[in-house]
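# Per-entry structural report
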Amino acid sequence: LAPFRSQSLTLRFLSIWRQFPFFSPLSSYFNSLSSYFNSLSRKRFKSKTMEEKAIAFELNHTEEEQITNAKNNDHGWQKVTYAKRQRKVQAKPSDSVTIVPNGSAAAGGDKVFRLLEKQAEERRRRTEAQKAAIAAASEAPISSKLRSDDEGDDSDAEGNGVVENGTADDKKTKPKKPKKPKVTVAEAASKIDAADLAVFLVDISASFESQQDIQLMRFADYFGRAFSAVSASQFPWTKMFRESTVAKIEDVPVSHISEAVYKTSVDWINQRSYEALCSFVSWSLDSILADSASQQAGVKGSKKGVQQTPSKSQVAIFLVLAMVLRRKPEVLVSLLPTLKESSKYQGQDKLPVIVWMIAQACQGDLAVGLLSWANFLLPLVGGKSSCNPQSRDLVLQLVERILSAPKARTILVNGAVKKGERLVPPSALDMLLRVTFPAPSARVKATERLEAIYPTLKEVALVGSPGSKAMKQVSQQMLTYAVKAAGEGIPELSKEASSIFIWCLTQHPDCYKQWDKIYMDNVEASVAILRKLTEDWKELSVKQSSLDALGETLRSFRQKNEKALAGEEDAAHQALFKNADKYCKVILGRLSRGLGCMKGMAFAIIALAAGAAVMSPSMESLDWNKLSVMFSPQQSF
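The structure contained in this document is the topic of the report that follows. Along each chain, residue indices are assigned from 1 in the same order as the chain's sequence is written. Thresholds applied to this predicted model are a pLDDT of at least 70 for local features of residues and 80 or more for the giving and counting of side-chain atom pairs; totals over whole chains, interfaces and linings are not thresholded and use all residues. No hydrogens and no water enter the side-chain calculation; it runs on all heavy atoms of the structure.

## A short note on the overall build of the protein
On a plain count of helices and strands, the protein comes out with 28 helices and four strands. Here, two residues are considered to be in contact whenever any of their heavy atoms come within 4.5 Å of each other. Of the contacts formed within the protein by residues at least 6 apart in sequence, a portion of 76% connects residues at least 24 apart. Residue burial considers only the protein chains on display, and all accessible areas are found by Shrake-Rupley using a 1.4 Å probe. As presented, the protein carries roughly 38,900 Å² of accessible surface, and 55% of it is formed by carbon and sulfur atoms. Here a helix means four or more residues in a row that DSSP labels H or I, a strand means two or more in a row labelled E, and each is numbered from the N terminus.

## A look at the side chain of Q360
You can see Q360 is positioned in helix α15 (residues 351-364). Type-normalised accessible area, obtained with a 1.4 Å probe on protein chains alone, sets the label of each residue: buried when under 20%, exposed when over 50%, and partly exposed for intermediate values. A relative accessible area of 0% means that Q360 is categorised as buried. In terms of polar contacts, Q360 uses its side chain to reach the backbone carbonyl oxygen of E250, at 2.6 Å. Among all residues touching Q360, those that are not within four sequence positions of it are I249, E250, V252, V254, A322, L325 and R326. Whenever two N or O atoms come within 3.5 Å, that pair is a polar contact, provided that in protein one can donate a hydrogen and the other can accept it, and provided that, for residues adjacent in sequence, both atoms are side-chain atoms.

## Overview of the packing of helix α22 (residues 491-507) against helix α23 (residues 510-518)
In contact at an axis separation of 6 Å, α22 and α23 are set at 130° when each is read in the N-to-C sense. By the angle class used here, α22 and α23 are oblique. When α22 is examined against α23, the residues F501, C504 and L505 are found in contact with a partner set consisting of C511, Y512 and W515. Following the grouping adopted for this structure description, the nonpolar residues are Ala, Val, Leu, Ile, Met, Phe, Trp, Tyr, Cys and Pro, the charged ones are Asp, Glu, Lys and Arg, and the polar ones are all others, Gly among them. In terms of residue class, the contact of α22 with α23 is built from six nonpolar, no polar and no charged. For helices, the axis comes from a line fit to the C-alpha atoms of the stretch in contact; other axes are also lines fit to C-alpha atoms, and the angle between any two N-to-C directions lies between 0 and 180 degrees. The scheme is simple: roughly parallel for angles under 35 degrees, roughly antiparallel for over 145, roughly perpendicular for 65 to 115, oblique for anything else.

## Topic: α23
Looking at α23, one finds that the buried residues are C511, Y512, Q514 and W515. Along α23, the residues classed as buried sweep out an arc of 160° about the axis, all on the same side. In α23, those exposed residues whose orientation departs by more than 90 degrees from the buried face are K513 and K517. Packing partners of the buried residues in α23 comprise α21 (469-486), α22, α24 (523-535) and α26 (547-567). Of all possible arcs, the one meant is that of the directions from the helix axis to the C-beta atoms.

## Observations regarding the environment of E459
Its place among the elements puts E459 in helix α20 (residues 445-462). For E459, a relative accessible area of 29% translates into the label partly exposed. Residues E459 and L412 lie 47 residues apart in sequence; the distance between their C-alpha atoms is 9.4 Å. In this structure, E459 is in contact with R409 and V413, ignoring residues within four places of it in sequence. Of the polar contacts made by the side chain of E459, one reaches the side chain of R409; its length is 2.4 Å.

Right, dumping it as C-alpha cells:
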C-alpha cells in the first residue's frame, strides 16, 4: 500500500478488494487497516475543529480590546467601522492550511496567499497606471459621475469614461472625403467647342442618315456629356422657374452657350424633319416633367428635403429643347391639342415649364407664342377652375412680354391667322371679355392688367376682310358669344358685348338672319344691342353691311313683339318687349327718312346730269364714280 499515499484512495482500494473471494485470507488484515484509517481521520477532524474555534476566540478577543481602547482614547467620539469589510480583508487561518497530495495539512500556506495578494496588487497598480496614461493623453475631459458607497461603481464609471472618450477620438480622426469641385452651367458651356460640335453633327448625320430621331437623341447626348459635371445645386431649375419672372427664365440656359455653338446647332436643327422634331419635343417635355415629379416626391418623402441628383443630361434637355422651339416654333402648335387634352400636362406644378416653352417659341415667332398663350394659358385664367394669384401673374407676364416686343402689334395684326387658325379665336376672345369686364364685386388686382392688354388682343381677334367666307364664320361664332354676354346684366360687360355684336353685323349680311332666329331667346341682350344702335346711330350706320337687311330684321322684330305683348302675362317680359319695340321704331324711322332723302337726291342728280348732257356735248367731264359713291346707301344720313 506504499504507493497509495492518500487516505481516501486507500479506503476505496480496500473496499474494492473485499468484493473478490480469493482475498478472503487477508480480510482480517484489511479490516484492521480500515479501522486504523477511520480512527486517524476522526482525530484529525477534531483537532481541526478545535483550532478553528481557538482562532475565532482570539479574533473576537482582539476586537473587544480594540474597541475598549478606542473608547478610552476617543474622548467621547466614536469611530464607525464595518465588520464585514474587515473580515473580507483579514485572511482566515483555515484558508492558510494547505492540503498536500497525501491528505495532510502543510505549513507555509500563508506565504502562498501573500504571494498571490502581492501579484494582484501589482496588476491593480499597472491597470491604474494605464488608465491614468489614457486619461492624460485624451483631448476631451472624462465626464465626471457621482460616486456611490461601493468602490466597484467608481471603477466602472472610470472605465466607461475611457471608452467613450476613445470612441470620440476615433470619430474625430476619421479622414474626410475630398469634395468634388463645383462646376457651373456657364463654366461647362464655355468648354463646348463649335468646331468639335460641327464634326460630331456631320458624323451622326452620316451614321444615322435615315433615323433622324436617333440623330436628335445623339445630339442631346453630346450636350449631356458636356454638362455632366453640373450638380443639382448649380442648376435648381424647379426653384428657378417657380420663383423667377418670365423675363429671367426665358434665356435659361441658352444664354450660357456661345453664339457659334448656337448657330451651329440651330442650322443643323433646321434640316431635321417636322415629325422628328415633334417627337423629340414631346419626349423632352415628358422627361422634364418626370424629373420635376421625382424631385417633389423626394421632398415629400424626407423631412429635411434631401437634394436630388439630376440626370446628367437634364441641362442638355433644356438647352436642346429651347433651340428646337426657337428655330422651329411651329412644332409647339402641333402639340397644343395634346397639351389641352392630356391631364399629365395640366396642373399648377406644370405651368412654369409650359410658360418657359412658349417663351422659347416667342423668340422665333411672336404669332406662335400668342396662339399658344390664347389656346392653352388663357383658359387657366378665365376658366371655371380657380387660378391662384401666382399662376395668374405668370400667365399675364408672358402675354405682356409678347405684346411689349418690338413691332409686336404690327406683327400680330398682319399674322392674325396662322396656318388657317386665328391667333385669338372667338372662344378665347369670349373668355378674355369676361375676365376683363367682371362684376364690380369680382374685380381683382389682375383686372387692370387685363384691361391694358384687351384692346390689342381684341384687334387681333377681329381683324379680317368684311364679307369674306372666313369672316362670315368668325362673325357668326362671335355673335353667339356676344349675345350671351350682353344679356348677363353686368353693365360694363353688356356694353362691350353689344359693341362686338354690332361689329358682327357689319361683317356679313347673314348675321342679321342669325339674330332674327335667336331674338326670342335673347330679348334682354337684344334690347341692349338695339339701345346701342340707337345711341351711336351716326357712327354705326356707316359701317353696316346692308341697311336693307337691317330694316327687314327690325320689322320682323316688331311682329314678334306684338305677338309677345298680346299673349305675355309676365310683367318683366312685357317691359322688355316694349323697350325693344320702341328702339325698333326709332331705327326704322331713321332708315325711312334716309331712304326718302336718298330718292329725292337721286332724282335731282339725274335731272342735273340730263341737263348737263344737253348743254355739254361731252360727258367725260362728269365723274360718275364720285357721284355713285356720294349717294351710296352706306353714307351717313
